[in-house]
Amino acid sequence: MATRRLRGFKRWMKANGVDCSDALNLVDDENDGVSVRATCDLKEGDVVANISKPACLTIKTSGAREIIESAGLDGSLGLSVALMYERSLGEESPWSGYLQILPSQEDLPLVWSLQDLDSLLSGTELHKVVKEDHVLICEDWEENISPLTSSLPQNVDPDSFGIKEYLAAKSLIASRSFQIDDYHGSGMVPLADLFNHKTGAEDVHFTAESSHSESDTEADESDNGDAVNEATDEDEPSNKSSSSPEQSLEEVPGENTDDEANEEEEEKEENSSMLQDDASGLKMIMVKDVAAGAEVFNTYGLMGNAALLHRYGFTEPDNPYDIVNIDLELVTEWSTSSFTSRYTRARLALWRKLGYTGCESQNSEYFEVSSTGEPQTELLILLYILLLPDDAYNKLDLAISAKASLSKEGKGSSSPSSPYELTIGKHKFKLGESENDVLLTDGLCEALLTIVDKRESLYGASTSLEDDIAGLKACCLPKDRRLYHSLVLRVSERKILKQLRSYVRTKANEVSGGKRRKKMVSKS
């Protein structure tokens, strides 16, 4: 039996151009929120929902549009203002029937206390990232949101735009918004945001339909990680009048200024877009068969647990897309402790001259370790260069300088990926010839194991992988929700580090047993 809020939401959908198929059953669970199940067998290609764009909560449709655009806000920042504004109106908001079915906030790490972040996420990929996010979001609020409170309408409570409310809005937008089209940008899409995620198991697909084409146009990935088909030429009706702008009293009748001509042109474009958009809408289309009674899943993309917890507030056990990052800083710390700072900087610079870099985030550079425990090739090449004997290092440095000089004179290739041949002992190596493999020497394996230990130590010495696994089994949902998802992340990351150790030891045994990996070693 539908709950009161579900009945209210269904009435709101009918009144606002959201057509939900009778083949879908919205289920409201006290612990898990709303999910979507099939009431009958669904077939691939079935259209199970039609959603009008005016029903979506966007910057363009919100009553706060003028406030947002006057402040020069757009993107998720502007959408956050739109969402806070409509929530502040309560029953007076045109979206009240939709907003009442949403949680007050999604339980993302973004809204966790500092104590929870430190106790639950320490050592994980998210710990530092979420703290950095929180600082940036607070700065955004201080610079862009707080100043708006002095210009709000009298019926809007300024307290509805506090930092807590802003974080709550950001959490909902991060986990629920979709890319609609070029005009609206991203927005809250009623009904579409109720389908739960399952990695690699998409049942239903969110699309934007154009009135000028029988087929959808492929578009970029949506804000919630779901690939969408986006119509590029459709717009939402403008609030501007279609009549010509009023003439200035100081202007000569029949003459327009350049600014006024531009305004007229923009107005014509918006009104043209309005007519185009009237016949277009959003659809939810089945992409595979689903049996009656089964839950219907969307997918937010192929993401590891760190990304899922960061953006959507949940994890999936045994996620095949999990990774672990090893910061460049950990590598340079190891090198500096083994050699000198000057030595490390010189070898790192040589690695960069060869055209190599790690992955980059806001304030750091790092290397990925896959779910199978295989390290990123760039990390192995860096360690290899750090461990080169001085004579081999000097020869490589001279070869790079000579090649760069020839390139300037137009006599050679300037490609950083062109191979450089080194002779160490009786072996010849070609750096840059293959991006998929590197010879793991005994010294490199030992160095990598030491760095893995440094990465593992970030979780703290008080608990082991086995302790985390036991703690995970003891969790009781939904009471231990944060602990549970944090432990799923910790366990998955620590298992990958364990696999990395096994990978390194296996390769070390191959090297010591006279076996060599052949892709990087081109000659012997």
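Criteria and cut-off values
- Residues numbered from 1 in each chain as written.
- Predicted model: local features only at pLDDT ≥ 70, side-chain atom pairs only at ≥ 80, totals over all residues.
- Heavy atoms only, no water.
- Helix = DSSP H or I, 4+ residues; strand = E, 2+ residues; numbered from the N terminus.
- Buried < 20%, exposed > 50% of the residue type's maximum accessible area, 1.4 Å probe, protein only.
- Contact = heavy atoms within 4.5 Å.
- Areas by Shrake-Rupley, 256 points an atom, 1.4 Å probe, with all protein chains shown as cover.
- Salt bridge = Lys/Arg side-chain N within 4 Å of Asp/Glu carboxyl O.
- Expected span 1.5 Å × (residues − 1).
- Pairing = 2+ DSSP bridges.
- Arc of directions from axis to C-beta.
- pLDDT = per-residue confidence, 0-100.
- Axes fitted to C-alpha atoms, helices over the stretch in contact; angles between N-to-C directions.
- Parallel < 35°, antiparallel > 145°, perpendicular 65-115°, else oblique.
- Left-handed = near helix turned anticlockwise from the far one by under 90°.
- Nonpolar A, V, L, I, M, F, W, Y, C, P; charged D, E, K, R; others polar.
- Phe/Tyr/Trp six-rings, centres within 6.5 Å; stacked < 30°, edge-to-face > 60°.
- Lys NZ or Arg CZ within 6 Å of the ring centre and 35° of its normal.

A. Fine view of the overall build of the chain. Scanning the chain from N- to C-terminus turns up 16 helices and 15 strands. The buried share among the 524 residues of the chain stands at 48%. A separation threshold of at least 6 residues defines the contact pool for the chain, and within that pool the share at least 24 residues apart is 72%. Split by element, the accessible area of the chain, about 25,700 Å² in all, is 48% carbon and sulfur.

B. Broad picture of the pattern of salt bridges. Applying the stated criterion across every chain yields a total of 22 salt bridges. A salt bridge links Asp107 to Arg482, with the shortest nitrogen-to-oxygen separation between them at 2.7 Å. On the criterion of sequence distance, the pair formed by Asp107 in the loop between helix H4 (96–99) and helix H5 (114–121) and Arg482 in helix H16 (residues 481–512) is long-range, its members being 375 residues apart. The class of Asp107 is buried, set by a relative accessible area of 18%. A relative accessible area of 23% means that Arg482 is categorised as partly exposed. Among the ionic pairs, Glu456 bridges to Arg494, the shortest N-O distance being 2.7 Å. With a gap of 38 residues between them, Glu456 in helix H14 (residues 442–457) and Arg494 in helix H16 connect regions that are remote in the sequence. Both residues of the pair, Glu456 and Arg494, count as buried.

C. Representation of helix H3 (residues 75–88). The end-to-end C-alpha distance of H3 is 20 Å, a good match for the 20 Å that 14 residues give at a rise of 1.5 Å each. Counting buried positions over the 14 residues of H3 gives eleven, a clear majority of the element. All of the buried residues in H3 are Leu77, Gly78, Leu79, Ser80, Val81, Ala82, Leu83, Met84, Tyr85, Glu86 and Ser88. The inward-facing, buried residues of H3 contact helix H2 (65–70), H4, helix H6 (125–145), helix H7 (163–176), strand S5 (177–181) and strand S6 (185–188). A positive backbone phi angle near 60° is found at Gly90, which sits one or two residues after H3.

D. Molecular detail of the pairing of strand S10 (residues 281–286). Within S10, five of the six residues are buried, leaving the element largely enclosed by the surrounding structure. Pairing of strand S4 (residues 47–51) with S10 involves four bridges; the strand directions are antiparallel. Following the sheet pairing, Val47 is matched in S10 by Ile285.

E. Region of interest: the sheet that holds strand S11 (residues 324–327). On the basis of which strands lie adjacent, the open sheet formed by three strands has the order S11-S13-S12 and antiparallel pairing. One side of each edge strand has no neighbouring strand; the edge strands of this open sheet are S11 and strand S12 (359–360). Where S11 meets strand S13 (residues 365–369), four bridges bridge the pair, whose relative direction is antiparallel. Bridging across to S13, Asp327 finds its partner in Tyr366.

F. Spotlight on helix H10 (residues 328–338). Buried residues of H10: Leu328, Leu330, Val331, Trp334 and Ser335, and no others. Take H10 and look down its axis: the buried residues cluster within an arc of 165°, on one side only. Along H10, the residues that are exposed and aim more than 90 degrees away from the buried face are Glu329 and Ser337. Lining the buried residues of H10 we find S11, helix H11 (341–353), S13, helix H12 (377–386) and H14.

G. Seen up close, the confidence of the model for the chain. The predicted model of the chain has a mean per-residue pLDDT of 82, with 77% of residues at 70 or higher. Note on residues 271–276: pLDDT is under 50 here. Beyond four places in sequence and across chains, it has eleven contacts. Every residue in residues 515–524 is under pLDDT 50, and counting partners more than four places away or in other chains gives 36 contacts.

H. Quick look at the packing of H12 against H14. For the pair H12 and H14, the least separation of the axes is 10 Å and the interaxial angle reads 120°. On the basis of the axis angle, H12 is oblique to H14. Here H12 and H14 pass one another in a crossing that is right-handed. Taking contact as the criterion, the partners of Leu379, Leu380, Leu383 and Tyr384 in H12 are, on H14, Leu444, Leu448 and Ile451. Within the contact of H12 with H14, the residues separate by chemical class into seven nonpolar, no polar and no charged.

I. Structural context of the packing of aromatic side chains. Summed over the entire model, instances satisfying the criterion amount to ten aromatic pairs. Taking the centre distance of 4.5 Å and the plane angle of 45° together, the rings of Phe178 and Phe206 count as tilted. Here Phe178, found in strand S5, pairs with Phe206, found in strand S7 (residues 204–209); they are 28 residues apart in sequence, far enough to count as distant. Look at Phe178 and you get buried, because its relative accessible area is 1%. Phe206 gets classed as buried once you look at its relative accessible area, which sits at 0%. Residues Tyr312 and Phe314 carry aromatic rings whose centres are separated by 6.4 Å and whose planes lie at 35° to one another, so their mutual orientation is tilted. As far as the burial class goes, Tyr312 and Phe314 line up, both buried. Three or more aromatic residues link up through ring pairs in this structure, and these residues are Phe9, Trp12 and Tyr98. Its end group placed over the ring of Tyr393, Arg347 keeps NZ or CZ at 4.1 Å from the ring centre.

J. Structural context of the packing of H3 against H6. At a minimum axis separation of 12 Å, H3 and H6 run at an interaxial angle of 70°. With respect to H6, the element H3 is oriented roughly perpendicular. Here Leu77, Val81 and Met84 of H3 lie close against H6, whose contacting residues are Asp140, Asn144 and Ile145. Of the residues that constitute the contact of H3 with H6, the class distribution is four nonpolar, one polar and one charged.

K. Region of interest: unusual backbone geometry. Cis geometry is adopted by the peptide bond preceding Pro478, which originates at Leu477 and carries an omega value of 5°. As for its position among the elements, Pro478 is in the loop between helix H15 (465–474) and H16. Here Leu191, not a glycine, exhibits a phi torsion of approximately 80°, which is positive. With respect to the element layout, Leu191 can be found in the loop between S6 and S7.

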